[in-house]
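The lines below spell out each chain.
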Amino acid sequence: MAFPVDLRRCQVLGLAGTAFLALGGETAGALPVEDLLAPSSVQAAFGLVGVYFGVVLLVAAWLLLGRLVRGAEPPTPRRLLLVLAVWAAPLLLAPPLFSRDVYSYLAQGAMVDAHMDVYTSGPAQLGGPLADEVAPVWQNTAAPYGPAFMGVASLLSGLTRGELPAGLLGMRLVALLGVGLMAAALPRLARHSGADPAAALWLGALNPLVLLHLVAGAHNDAIMLGLLGLGLVAALGRWPVLGAVLVTLAALVKAPAALGLLAVVVVQARNGRSPVRATLTTAIASGATTVAATAVAGTGYGWIRALDTPVSPHNWALSSLLGRATGALLEHLGSDLAPLAVPAWHLLGLALTAVTVLLIWVRLRPRPVYALGLSLAAVAAFGPAIRPWYAIWGLFLIAAAAPSTSVRHRVAAVTGVLALAVLPSGGPADAGQLVLAVSGGVLGVVVLWQAHQAAQAPAVGRTA
């Protein structure tokens, strides 16, 4: 007997999941330093269990919603957008979850507002209570973000006058705006790509990773992807200059979006414009946008130099893991080459990324949205740093243009794994925290199983 599924049931189950996330985050999230609790405290333990209980409920609601989307009478995109709004609502006022990056954004915005160079100095140069919120590993690291985002962060700093609660809310609203733009772009991109708009929204906007990291984590990847999606919509709608402007603004938030300019050129060529003219038009529009955005933000062009901002030494990107393993082996063997292992693997990873992206575009040039999605996935997978929310870069566009249900199934499986990959505090896990996290997840599975059994019982009784 299948578990009965309807849209309201999915909506309520997902709402319960995000509500538990918000409640658990009050004691186990990426809280301001003055509110941080010892991981061993009872409140933090209950919060961690509650967060992972909520994650399991949210993932279950999303998978059940996927059954509806693939069913005979799928919900309309408008009804799916309502589900997204309901699921996101409890997270609006929740503390930051799964990362402390939002505190870096606020500190860097305050630096720009104070006319400090964020591309040569880290938040430690700012000093004060706002800088104290930034994770120690990033205290002396220059900003890796472009002038478009730094301009937004500076504006927000001026509006909130450095007040932390207002700043956190402001950054979350910026992230919600980005998610809204993503949701607006997805159905249009799906129609251009011959895909199902409802399925695109389910995979690309209602995805748990979007809620956990773009909404709850307030990452600037949301506004990057929102602008990128709108730029592609404009280019596909035969407004290539507007498309180039929007994609460039996305790249001036985070650099990987610059690959979208290649899609803008390909779309123009596909519509009959010569490749040379398409390239020139895109380059001029992009250059003018870059100059204008940099002038408005007032940051100067140091962001170009900051593109090689060092990554966390303990990140778990494939090239970093292989580099550390190789370095440890060389050190054990007494080789002087050990310090070169990580940079060498990072360089190899970048070369592999370039080759992969080239092959993708050679093979899939007639399908620019899908090619761009796969390219961004390759950048995330083989780059020198990776976080769970980086997977959303490619996922967003793959959702809009996936050629088959099997591709969506594989992406959904990756989502389920990555949704459980980071602690709500954003810090490293110890054995006790892992036990609590697993306990919360198991509790969620048990509750769902009991609900399944309870739903079956009346049906069995009627049959008897």
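Note: the structure precedes this text.
Residues numbered from 1 in each chain as written. Predicted model: local features only at pLDDT ≥ 70, side-chain atom pairs only at ≥ 80, totals over all residues. Heavy atoms only, no water.

Topic: the side chain of Thr-18
Looking at the secondary structure, you find Thr-18 in helix 1 (residues 7–28). Not counting residues up to four positions away in its chain, the partners in contact with Thr-18 are Leu-58, Trp-87, Pro-90 and Leu-91. (Helix = DSSP H or I, 4+ residues; strand = E, 2+ residues; numbered from the N terminus. Contact = heavy atoms within 4.5 Å.)

With respect to the packing of helix 1 against helix 2 (residues 42–69)
The geometry of a pair of packed helices is captured by two quantities: the angle between their axes and the separation between those axes. One way to put it is that helix 1 packs onto helix 2 with a least axis distance of 7 Å and a crossing angle of 160°. One finds that helix 1 runs roughly antiparallel with respect to helix 2. In the packing of helix 1 onto helix 2, the handedness of the crossing is left-handed. (Axes fitted to C-alpha atoms, helices over the stretch in contact; angles between N-to-C directions. Parallel < 35°, antiparallel > 145°, perpendicular 65-115°, else oblique. Left-handed = near helix turned anticlockwise from the far one by under 90°.)

Observations concerning helix 19 (residues 405–418)
Across its 14 residues, helix 19 extends 20 Å between first and last C-alpha, which sits within 8% of the 20 Å expected from 1.5 Å per residue. Burial in helix 19 covers these residues: Val-407, Arg-408, Val-411, Ala-412, Thr-415 and Leu-418. Viewed along the axis of helix 19, the buried residues span an arc of 135°, placing them on a single side of the element. Of the exposed residues in helix 19, the ones pointing more than 90 degrees away from its buried face are Arg-410 and Val-417. In the core, the buried residues of helix 19 are packed alongside helix 2, helix 8 (197–204), helix 9 (208–215), helix 17 (368–382) and helix 18 (391–401). (Expected span 1.5 Å × (residues − 1). Buried < 20%, exposed > 50% of the residue type's maximum accessible area, 1.4 Å probe, protein only. Arc of directions from axis to C-beta.)

What to know about the pattern of salt bridges
Counted by the stated rule, this structure contains 3 salt bridges. The salt bridge involving Glu-133 is made with Arg-100; its shortest N-O contact spans 3.3 Å. One end of the pair, Glu-133, is in the loop between helix 5 (128–132) and helix 6 (147–160); the other, Arg-100, is in the loop between helix 3 (77–88) and helix 4 (101–113), and 33 residues separate them in sequence. For Glu-133, a relative accessible area of 6% translates into the label buried. For Arg-100, a relative accessible area of 15% corresponds to the buried category. (Salt bridge = Lys/Arg side-chain N within 4 Å of Asp/Glu carboxyl O.)

Overview of unusual backbone geometry
Look at Arg-161: it is not a glycine, yet its phi comes out positive at around 55°. Inspection of the secondary structure assignment puts Arg-161 in the loop between helix 6 and helix 7 (164–193). Backbone geometry places Arg-238, a non-glycine residue, at a positive phi of 70°.

Describing the side chain of Gln-139
Note on placement: Gln-139 falls in the loop between helix 5 and helix 6. Those residues in contact with Gln-139 that lie beyond four places of it in its chain are Gly-122, Pro-123, Ala-124, Ala-131, Asp-132 and Val-134.

Overview of the packing of aromatic side chains
Tallying each qualifying case throughout the model produces 7 aromatic pairs. Seen from their ring centres, Phe-20 and Phe-53 are 4.7 Å apart, and the 80° between their planes marks the pair as edge-to-face. Taken together, the positions of Phe-20 in helix 1 and Phe-53 in helix 2 put the pair 33 residues apart, joining distant regions of the chain. Note on Phe-53: relative accessible area 9%, which makes it buried. Summarising the aromatic geometry, the rings of Tyr-105 and Tyr-145 are spaced 5.4 Å apart at their centres and angled 80° between planes, so their arrangement reads as edge-to-face. With a gap of 40 residues between them, Tyr-105 in helix 4 and Tyr-145 in the loop between helix 5 and helix 6 connect regions that are remote in the sequence. We classify Tyr-145 as buried; its relative accessible area is 10%. A network of ring pairs unites the aromatic residues Tyr-105, Tyr-145 and Phe-149 as a single cluster. (Phe/Tyr/Trp six-rings, centres within 6.5 Å; stacked < 30°, edge-to-face > 60°.)

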